[in-house]
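# Observations on chain architecture
Now for the letters of each chain:
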Amino acid sequence: MSLRGLSQTRQRAWLATVIWSVAGMGFVLTFFTSGGVGGFPEDSGRHLTGAFALAFGFLGQWLAWWITRQREGGPLAADERDIETIARANQTTLVVVLVAIFAFTITLWTVYESAGSVPVAWMWFLAYGGVILASVTSSVATLILDRRTGGHG
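Residues numbered from 1 in each chain as written. Predicted model: local features only at pLDDT ≥ 70, side-chain atom pairs only at ≥ 80, totals over all residues. Heavy atoms only, no water.

### As for the side chain of Asp82
- Within the secondary structure, Asp82 sits in helix 4 (residues 80-112).
- Despite its burial, Asp82 pairs with no opposite charge, the nearest such side chain being Arg81 at 5.9 Å.
- Here Thr9 takes part through its side chain, which lies 2.9 Å from a polar atom of the side chain of Asp82. (Helix = DSSP H or I, 4+ residues; strand = E, 2+ residues; numbered from the N terminus. Buried < 20%, exposed > 50% of the residue type's maximum accessible area, 1.4 Å probe, protein only. Lys, Arg positive; Asp, Glu negative; His and termini not counted. Salt bridge = Lys/Arg side-chain N within 4 Å of Asp/Glu carboxyl O. Polar contact = N/O pair within 3.5 Å; in protein donor to acceptor, adjacent residues only side chain to side chain.)

### Some remarks on the packing of aromatic side chains
- Evaluation of the coordinates by the stated rule reveals 16 aromatic pairs.
- Taking the centre distance of 5.0 Å and the plane angle of 25° together, the rings of Phe27 and Tyr128 count as stacked. One end of the pair, Phe27, is in helix 1 (residues 8-32); the other, Tyr128, is in helix 5 (residues 121-148), and 101 residues separate them in sequence. For the residue pair Phe27 and Tyr128, the accessibility class agrees, reading buried in each case.
- The rings of Phe27, Phe31, Phe32, Phe40, Phe104, Trp122, Trp124, Phe125 and Tyr128 are connected pair by pair, giving a single aromatic cluster.
- Taking NZ or CZ as reference, Arg69 lies 4.2 Å from the ring centre of Trp66, over its face. (Phe/Tyr/Trp six-rings, centres within 6.5 Å; stacked < 30°, edge-to-face > 60°. Lys NZ or Arg CZ within 6 Å of the ring centre and 35° of its normal.)

### Topic: helix 3 (residues 44-67)
- With 24 residues, helix 3 extends 34 Å from end C-alpha to end C-alpha; this agrees with the ideal 34 Å at 1.5 Å per step.
- Residues Arg46, His47, Gly50, Ala53, Leu54, Gly57, Gly60, Gln61 and Ala64 constitute the buried set of helix 3.
- At its buried positions, helix 3 is contacted by helix 1, helix 2 (36-39) and helix 5.
- Capping the start of helix 3, Asp43 holds a side-chain oxygen 3.1 Å from the backbone nitrogen of Gly45, two or three residues further along. (Expected span 1.5 Å × (residues − 1). Contact = heavy atoms within 4.5 Å.)

Structure (structure tokens):
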């Protein structure tokens, strides 16, 4: 798929979706392999690899924004439709992330209630996964809402 001819908002959303999906897959593979959940807390190499996945996402998104920035003399990068789409996508993202975190934490407690505590590795998963989920959800919601509102790109 070519990004040429798409609005800046849609270009950035596509790029962020791909970048954060790759970061998410990298983190999930790191978390669940080489010892799984039980070995994650003590494995500083896996912590570093997980952090690298997040860094890839943040740096990749920054690079995508820089590449798609409005250039002097170029066409208008965004208009009021884009601003409205992004605002609605952010509202959707907040609800999705809050519900997911709530459901995940209640499920963890239910599973580990008899043990009296939840393994710390799941807190790592929740922290990293929350960032990734929010980033992917935001970009996907932007694409869906832009399409539904007759996106101009």
